[in-house]
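Chain by chain, the residues run as shown.
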Amino acid sequence: MAMNVSQRFILTLACANRPGIVAAVASHLSDAGLNILDAQQYDDTQTDRFFMRVVFNPVEGESDIEALKGGFAPLASRLGMTWTMSDQGRRQRVMLLVSKFDHCLADLLYRWRINELDFEPVGVIANHPVEAYSHVDLGDVPFHYLPVTQDTKLEQEGRVWEIIRDARADFVVLARYMQVLSDGLAAKLAGRCINIHHSFLPSFKGAKPYHQAHTRGVKLIGATAHYVTSDLDEGPIIAQDVESITHRDSADDLVRKGRDIERRVLARAVRYHLEDRILLNGRKTVVFAD
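Only a predicted model underlies this, so the values are computations on that prediction, with no experimental measurement involved.

Strand direction decides the pairing type here: strand S12 (residues 278-281) and strand S13 (residues 284-287), joined by four bridges, are antiparallel. From the neighbouring strand, Leu279 faces S13, where its bridge partner is Val286. Linking S12 back to S13 in an antiparallel pair, the connection comprises two residues, with Gly282 at a positive phi of about 70°.

Next up on the list: the side chain of Ser63. You can see Ser63 is positioned in the loop between strand S3 (49-58) and helix H2 (65-78). Contacts of Ser63, omitting those with residues within four sequence positions, involve Gln7, Phe9, Leu34, Pro58 and Leu68.

Attention shifts here to empty space enclosed by the protein. Gaps between atoms show up when a probe of the same size as a water molecule is rolled over them. On inspection of all chains with the given rule, the structure shows one cavity of 30 Å³ or more. Residue lining of the largest cavity: Lys153, Gln156, Glu157, Val160, Tyr177, Gln179, Leu181 and Leu185, and that is the complete set. The element contributing the most residues to the lining of the largest cavity is helix H4 (residues 153-166), with four residues.

Tracing the backbone shows Phe143 in strand S7 (residues 143-145). Residues in contact with Phe143, not counting those within four places in the same chain, are Val124, Ala126, His128, Pro129, Val130, Tyr133 and Leu138.

Turning next to the sheet that holds strand S5 (residues 92-98). With respect to topology, seven strands assemble into an open sheet ordered S7-S6-S5-S8-S9-S10-S11, the strand pairing being mixed. One side of each edge strand has no neighbouring strand; the edge strands of this open sheet are S7 and strand S11 (237-244). The sheet shows a mean angle of 20° between the axes of neighbouring strands, taken without regard to direction. In terms of strand pairing, strand S8 (residues 171-174) meets strand S9 (residues 193-197) through three bridges, oriented parallel. In the sheet register, Val173 faces S9, and the bridge partner there is Ile194. Sitting on the sheet, helix H3 (residues 103-113) is in contact with S5, strand S6 (119-126), S8 and S9, with an inclination near 160° to S6.

This part takes up the layout of surface pockets. Within this model, the largest pocket holds a volume of roughly 840 Å³. If you trace the largest pocket, you find 33 residues lining it, with Thr84, Ser86, Gln92, His273 and Asp276 closest to the centre. Of all the elements, strand S4 (residues 82-87) adds the most residues to the lining of the largest pocket, at six residues. Considering only residue class, the lining of the largest pocket consists of 13 nonpolar, eight polar and 12 charged. The calculated volume of the second largest pocket comes to roughly 380 Å³.

Okay, H3 next. Within the sequence span of H3, burial applies to His103, Cys104, Leu105, Asp107, Leu108, Leu109 and Arg111. For H3, the elements touching its buried residues are S5, S6, S8, S9 and helix H7 (251-274). One or two steps after H3, the chain reaches Asn115, where phi turns positive at roughly 65°.

One finds Leu108, Val173 and Leu266 to be the most contacted residues of the largest nonpolar core, which totals 40 residues. By residue number, the principal contributor to this core is H7, which donates nine residues. The contacts of Leu266, once residues within four sequence positions are left out, are Cys104, Leu108, Val173, Ala175, Ile194 and Ile196. In terms of nonpolar packing, the next biggest core, distinct from the first, is built from 21 residues, Ala24, Met52, Phe56 and Met85 among them.

Attention shifts here to the pattern of salt bridges. Following the criterion strictly, the structure yields 20 salt bridges and no others. Put simply, Arg90 and Asp170 hold a salt bridge, and the shortest N to O gap is 3.0 Å. Here the residue Arg90 occupies a position in the loop between S4 and S5, and Asp170 occupies one in the loop between H4 and S8, the gap between them amounting to 80 residues. The exposure class assigned to Asp170 is partly exposed, which follows from its relative accessible area of 22%. For Arg264, the salt bridge goes to Asp241, with nearest N and O atoms at 2.9 Å. On the criterion of sequence distance, the pair formed by Arg264 in helix H7 and Asp241 in strand S11 is long-range, its members being 23 residues apart. One connected set of salt bridges, linked through shared partners, spans Asp241, Glu243, Arg264 and Arg268.

This part takes up the packing of helix H6 (residues 209-216) against H7. Orientation of H6 relative to H7, taken along the N-to-C sense of each, is 125°, at an axis distance of 9 Å. Considering their axes alone, H6 and H7 lie oblique with respect to each other. Crossing hand, H6 versus H7: right-handed. Contacts between H6 and H7 involve Tyr210, His211, Ala213 and His214 on the former and, on the latter, Ala251, Leu254, Val255, Gly258 and Glu262. For the contact of H6 with H7, the class distribution of residues is five nonpolar, three polar and one charged.

Analysis parameters
- Residues numbered from 1 in each chain as written.
- Predicted model: local features only at pLDDT ≥ 70, side-chain atom pairs only at ≥ 80, totals over all residues.
- Heavy atoms only, no water.
- Pairing = 2+ DSSP bridges.
- Helix = DSSP H or I, 4+ residues; strand = E, 2+ residues; numbered from the N terminus.
- Contact = heavy atoms within 4.5 Å.
- 1 Å grid on protein atoms, 1.4 Å probe; cavity = no way out; pocket = protein on both sides within 12 Å on 5 of 7 lines; lining within 4 Å.
- Points joined across faces, edges and corners; volume = space filled by probe spheres on them.
- Axes fitted to C-alpha atoms, helices over the stretch in contact; angles between N-to-C directions.
- Nonpolar A, V, L, I, M, F, W, Y, C, P; charged D, E, K, R; others polar.
- Buried < 20%, exposed > 50% of the residue type's maximum accessible area, 1.4 Å probe, protein only.
- Core = buried A, V, L, I, M, F, W, Y, C linked by side-chain atoms within 4.5 Å.
- Salt bridge = Lys/Arg side-chain N within 4 Å of Asp/Glu carboxyl O.
- Parallel < 35°, antiparallel > 145°, perpendicular 65-115°, else oblique.
- Left-handed = near helix turned anticlockwise from the far one by under 90°.

Below is the structure:
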């Protein structure tokens with residue numbers, strides 16, 4: 001019997017650990033005429049929480065995502081699961097926010113154009129005019145210039161939220177957007193807003209981190225992608241990377257190398273989010289990398 005390879009669904013779940021969770025999930029999917037393509041699991045022995053990600057498809061015919069959710073809900077309720085189920089064929093709608101430095105924006109749009117990242121960019125929000133990004137291929141992606149000052153910050157942020165809401169964005173990427181989100185906006189975007197921080201957290205916070213690192217004579221620099229919370233730069237970490245530094249590197253060299261790290265770390269975090277590979281575990285994340 002030929003299986004339906006055109007449809008793929010992803011189930012993620014977290015619950016208190018107990019015997020039989022994997023067997024219950026596998027039995028349910030099998031009984032529903034579904035085939036498991038990939039499964040990953042993790043048992044956090046410190047919190048006694050169990051995490052799982054399952055990719056599956058119909059054995060034959062086509063399946064409706066809402067029907068699949070309805071069928072799984074009783075099992076999830078019985079085991080006290082926090083869970084999501086998504087259709088891998090649906091492209092998520094992404095809003096990109098950017099300030100002066102545009103290397104992450106350019107990189108994400110490039111990866112989108114070559115189908116390395118499968119999402120639908122529904123807009124770019126910037127606090128600099130479009131002329132500042134003349135060398136970035138924005139194409140037909142809607143561009144919103146929202147300048148901000150200390151006096152207009154609340155009004156500007158209200159407009160940011162309206163654009164995100166009206167565009168029906170599934171999640172938001174701060175692609176070197178150098179404005180701190182208010183507690184209110186951070187709460188509205190909880191679990192669906194990724195930031196790239198230009199240092200290997202929790203070191204060298206604040207302004208000019210690469211210059212701070214150079215002054216201290218560091219031998220490694222890095223970047224950190226994390227979910228945005230009301231605690232500045234304290235959100236659950238998704239991905240990090242580092243690069244070696246020597247005494248011969250100037251502060252400008254660190255900035256140049258830092259741009260490369262930021263691009264690849266942010267792209268990795270966005271892909272993990274798009275593919276439902278990230279599960280929140282308190283202040284941390286469980287990332288089922290490929």
